[in-house]
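Architecture at a glance
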Amino acid sequence: MTKSTPILESLEQSVGRTDATIKWARFLGETFGTTGALNCLRYYEDLDWISPLVREQMTSYLRGLSLGEIHNKRYDEPATLEYPLESLSGTLFGAHAQSLEYISRINGDDLEEHVMVARMAERRVDRRIDDESDDEDGGGGQLVSVIRDDASVSG
């Protein structure tokens, strides 16, 4: 198994990125508290969202937060997200999706573009499944339909 490159490898010091980094540190502190924020950073490192260097740098930012900036709300309070992450608003993953948005902004990525590409790929796969189920004999299309219906109910 090969290790992938983290989305965010370092916190470059430029005006827009430093501002986003400080806002992200405040968001983590307010949402998860100090210990929770540190755990989130380790989790994001495990997911390859950030590098070990970014985790260390963000730890320094978190240590610099005031008591008023630490744990003002709970992580499981519904987060209201904007496009392209609005579908995650109100979910337990919403806070982590907000972190991903900060990571993308700091990295200079366009998260909206990535989401749009993923949605287009998903539609392409759905169309291909629909085309294959129309061509099959023996009720294969019904099986695909049952699988889809089950996934939509649980998802």
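Owing to the predicted nature of the structure, the values given are computational and were not obtained by experimental measurement.

Looking at the packing of helix α1 (residues 15-46) against helix α3 (residues 94-107)
The interhelical angle for the contact between α1 and α3, taken along N-to-C directions, is 140°, at an axis separation of 10 Å. By the criterion of interaxial angle, the relationship of α1 to α3 is oblique. At the point where α1 passes α3, the crossing takes the left-handed sense. Contact with α1, carried on its side by R17, A20, T21, K23, W24, F27, L28, T31, F32, C40 and Y44, involves A95, H96, Q98, S99, Y102, I103, R105, I106 and N107 of α3 and no other residues of that element.

Quick notes on the environment of I50
Here I50 is to be found in the loop between α1 and α2 (52-63). Remark: the alpha-carbon pair of I50 and I7, spanning 43 residues in sequence, is separated by 5.8 Å. Leaving out residues up to four positions away in the same chain, I50 has contacts with P6, L8, W24, L41, Y44, E45, R55 and I103.

A short note on a nonpolar patch on the surface
A contiguous nonpolar patch, built from Y43, L47 and F93 and spanning about 260 Å² of accessible area, is present on the exposed surface. Mapped onto the elements, Y43 comes out in helix α1. On the accessibility criterion, Y43 (39% relative accessible area) is partly exposed.

Some points on the environment of I22
On the secondary structure map, I22 appears in helix α1. Through-space distance from the C-alpha of I22 to that of L62 is 8.9 Å; in sequence the pair is 40 residues apart.

Section: unusual backbone geometry
Positive phi, normally seen in glycine, also occurs at D48, with a value near 65°. For D48, the location among the structural elements is in the loop between α1 and α2.

A few points about the confidence of the model for the chain
Put simply, the chain has an average pLDDT of 76, and 70% of its residues get 70 or more. Taking the mean pLDDT of every element in the chain, the minimum, 49, falls on helix α5 (residues 140-154) and the maximum, 94, on α2.

A few points about the packing of aromatic side chains
Within this structure, the stated rule accounts for four aromatic pairs. Ring geometry for W24 against Y44: centres 6.5 Å apart, planes inclined by 25°, an arrangement best described as stacked. Exposure remark for Y44: the relative accessible area of 0% places this residue in the buried category. Judged by centre distance (6.1 Å) and plane angle (50°), the rings of Y43 and Y44 are tilted.

Rules used throughout
Residues numbered from 1 in each chain as written. Predicted model: local features only at pLDDT ≥ 70, side-chain atom pairs only at ≥ 80, totals over all residues. Heavy atoms only, no water. Axes fitted to C-alpha atoms, helices over the stretch in contact; angles between N-to-C directions. Helix = DSSP H or I, 4+ residues; strand = E, 2+ residues; numbered from the N terminus. Parallel < 35°, antiparallel > 145°, perpendicular 65-115°, else oblique. Left-handed = near helix turned anticlockwise from the far one by under 90°. Contact = heavy atoms within 4.5 Å. Patch = residues over 30% accessible without salt bridge, like charges linked within 9 Å, V, L, I, M, F, W, Y side chains within 5 Å. Areas by Shrake-Rupley, 256 points an atom, 1.4 Å probe, with all protein chains shown as cover. Salt bridge = Lys/Arg side-chain N within 4 Å of Asp/Glu carboxyl O. Buried < 20%, exposed > 50% of the residue type's maximum accessible area, 1.4 Å probe, protein only. pLDDT = per-residue confidence, 0-100. Phe/Tyr/Trp six-rings, centres within 6.5 Å; stacked < 30°, edge-to-face > 60°.

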